[in-house]
Amino acid sequence: MKKILLLSLLAPILAFSQHEEQIKEIYNEALTKGRAYEDLRVLCKEIGSRLSGSPEAAAAVEYTKQLMESYGFDTVYLQPVMVPHWVRGKKEIVRAINSDKHGIIDFNALALGNSVGTGPEGVLSEVIEVSGIDEVNELGKKVEGKIVFYNGEMDPTIINTFGAYGGAVVQRSSGASEAAKYGAKAIIIRSVTNRQDDIPHTGSLRYKALINQIPAVAISTNDANKLSQILKEQKLNVYIETHCQQLPDVLSYNVIGELRGSEFPDEIVAVGGHLDSWDVGEGAHDDGSGCIQAIEALRLFKALGIQPKRTLRAVMWMNEENGLRGGTEYARVAKQKGEKHIAALESDSGGFQPLGFSTSGSEEQRAQIRAWRDYFLPYRLWDFDQNGGGADIGPLRSHGTLLIGLRPSTQKYFIYHHTPADVFEAVDRRELELGAASMSAMMYLLDREGLK
Ligand SMILES: [Zn+2]
């Protein structure tokens with residue numbers, strides 16, 4: 001009797017030390033024989049940017065499929081999904097034409113994703129500056145016929161930069177339709193970043209139904225300051241020329257690789273990132289890192305000979321950036337097939353030093369993940385309290401799936417986000433590997449413990 005009592009008291013302690021040891025092996029393997037960095041190099045340098053519908057996105061589908069096959073995953077397959085096909089076309093022109101002090105000024109600009117183009121005739125008009133959508137609504141008809149310049153900044157006092165991004169990005173996503181309501185001809189936005197530099201940031205906009213679709217561009221933060229300064233001194237006319245177009249939808253794929261569970265194969269734990277990126281840069285942080293980390297998370301199980309009890313699935317979702325079609329389709333098919341996802345884990349905040357995991361689920365589920373913090377403290381992951389999962393796994397929430405987001409340091413993410421600077425060289429090998437190991441360790445705990 002005493003012996004049984006002792007054993008039952010010891011069981012959690014024994015499990016803890018067993019898990020602790022296994023997690024140490026996962027980190028050691030990732031940091032000494034990791035493949036993530038080289039795999040990311042190939043994705044970024046040999047394929048490059050991967051906007052939905054592009055030949056590069058198709059190449060990335062093929063590459064990640066072959067990569068998972070080469071690692072000996074049990075099943076690797078493609079899940080068809082129709083995606084939008086927006087193209088940028090010829091380089092944008094955003095030009096101030098009558099500045100008293102500076103003469104003609106060409107701003108560093110990128111058209112916003114999903115934006116209509118001006119075509120070769122361009123748009124020429126007076127610019128009116130606003131700090132945000134509220135001010136457009138106050139001005140009303142005064143913006144008619146003008147180019148509206150949204151100059152709202154990311155709030156530097158918000159320490160989690162994603163919070164500051166959330167506050168500023170609305171002028172990018174909704175600013176065009178809000179200005180078009182009152183007859184504006186086009187919009188220019190201040191790039192959504194907390195850094196002062198010459199690099200413009202693209203990103204998607206959404207047009208509202210039944211409102212005239214007007215062209216939209218982003219200019220660098222240095223140029224936004226310059227434009228704002230000139231507007232304090234004089235009236236300024238700006239010429240915008242963009243050649244972007246929305247082409248018919250294209251057939252593309254989510255890429256899925258699986259390790260089949262030995263005891264509970266019907267319980268799925270998914271891990272992933274989005275394979276598409278913007279058409280500038282190489283989509284290294286956003287979100288090549290997340291995809292490659294997901295593949296590495298499963299590869300580490302194979303390399304260490306850990307036989308999963310549950311089915312572990314790495315998913316490269318297609319079209320997060322300008323449509324979320326991949327994440328939506330994945331959840332739809334999962335529901336149709338009656339698949340049971342106990343948890344889904346996403347990395348889409350850059351390949352920076354991991355600091356923790358956020359969660360979205362029932363209070364019980366969230367508490368279970370928070371209770372695992374002790375396993376991660378030796379690797380300096382401490383932040384387990386934030387709410388949230390990720391865009392691509394979001395649609396699984398309605399199935400009762402626990403959503404988990406890898407939370408790396410956010411201080412540098414918006415230097416690179418949606419820019420030509422988001423290249424392989426911007427990712428640090430060790431930080432990428434720590435992220436992959438952290439995801440793998442979280443998968444391991446979910447696999448061994450399940451969800452209560
Ligand atoms: Zn992303």
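Residues numbered from 1 in each chain as written. Predicted model: local features only at pLDDT ≥ 70, side-chain atom pairs only at ≥ 80, totals over all residues. Heavy atoms only, no water.

Undergrad: Could you clarify how one ought to interpret the coordination of the zinc ion in this entry?
TA: By definition of the ideal shapes, a tetrahedral metal site with four donors has angles of 109.5 degrees and an octahedral site with six donors has angles of 90 or 180 degrees. Distances from the zinc ion to its protein donors, H274 (NE2), D286 (OD), D348 (OD) and D348 (OD), fall within 1.9 to 2.7 Å. Geometry at the zinc ion is irregular, judged from its four donor atoms and the angles of 51 to 147° they form at the metal. Positions of the donor residues of the zinc ion, expressed as sequence spacing, correspond to H-x11-D-x61-D. Of the two residues, H274 is situated in strand β11 (residues 264–274) and D286 in helix α8 (residues 284–303); the sequence distance between them amounts to 12 residues. Just as H274 is buried, D286 falls in that class too. (Donors = N, O, S within 2.8 Å, 3.2 Å for Na, K, Ca; no water. Tetrahedral: all angles 85-135°; square planar, octahedral: opposite > 155°, others 65-115°. Helix = DSSP H or I, 4+ residues; strand = E, 2+ residues; numbered from the N terminus. Buried < 20%, exposed > 50% of the residue type's maximum accessible area, 1.4 Å probe, protein only.)

Undergrad: Please explain the pattern of salt bridges as it appears in this structure.
TA: A side chain of one charge can pair with a side chain of the opposite charge when the charged atoms of the two come close. Inspection of the entire model under this criterion finds 27 salt bridges. A salt bridge links E329 to R332, with the nearest nitrogen and oxygen atoms 2.9 Å apart. Residue E329 and its partner R332 are located together in helix α9 (residues 325–337), separated by three residues, close to a single helical turn. Relative accessible area serves as the criterion here: at 18%, E329 is assigned to the buried category. Residue K452 is joined to E449 by a salt bridge in which the shortest nitrogen-to-oxygen separation is 3.8 Å. Here the salt bridges do not stand alone but share partners, grouping R88, K91, E92 and D279 into one network. (Salt bridge = Lys/Arg side-chain N within 4 Å of Asp/Glu carboxyl O.)

Undergrad: I keep staring at the sheet that holds strand β12 (residues 310–317) and nothing clicks. Help me out?
TA: Backbone hydrogen bonds are what pair the strands of a sheet, in a parallel or an antiparallel way. On the basis of which strands lie adjacent, the open sheet formed by seven strands has the order β1-β10-β12-β11-β13-β15-β14 and mixed pairing. The strands lining the two open edges of the sheet, one partner per strand, are β1 (75–87) and β14 (354–360). Averaged over all neighbouring strand pairs, the angle between strand axes comes to 20°, with direction disregarded. Across 12 bridges, the pairing between β1 and strand β10 (residues 245–259) is antiparallel. When the bridges of β10 are listed, W86 appears paired with Q246. Strands in contact with α8 are β10, β11, β12 and β15 (402–408); relative to β11, the strand with the most contacts, it is inclined by about 145°. (Pairing = 2+ DSSP bridges. Axes fitted to C-alpha atoms, helices over the stretch in contact; angles between N-to-C directions. Contact = heavy atoms within 4.5 Å.)

Undergrad: Explain the domain arrangement of the protein chain here, please?
TA: When the parts of a complex come together, some accessible area is lost, and that lost area is often taken as the interface size. Assigned domains of the protein chain: these are domain 1 (23–86 + 248–449) and domain 2 (90–243). Centre-to-centre, using C-alpha coordinates, domain 1 lies 33 Å away from domain 2. At the interface, 17 residues of domain 1 touch 23 residues of domain 2. Across the interface of domain 1 and domain 2, roughly 1,600 Å² is buried in total on both sides, 62% from carbon and sulfur atoms. When the area that domain 1 buries against domain 2 is broken down by residue, the three leading residues are W86, F414 and I415, summing to 39%. Joining domain 1 to domain 2, the criterion identifies zero salt bridges. Seen at the junction of domain 1 and domain 2, the total is eight residue pairs in polar contact (both at pLDDT 80 or more). For the side of domain 1 that touches domain 2, the element with the most residues is helix α12 (residues 413–416), which contributes three residues. Each residue belonging to the side of domain 1 that touches domain 2 can be placed in one class, and the counts come to eight nonpolar, eight polar and one charged. (Domains from an automatic or database assignment. Buried area = accessible area lost by both parts, 1.4 Å probe. Polar contact = N/O pair within 3.5 Å; in protein donor to acceptor, adjacent residues only side chain to side chain. Nonpolar A, V, L, I, M, F, W, Y, C, P; charged D, E, K, R; others polar.)

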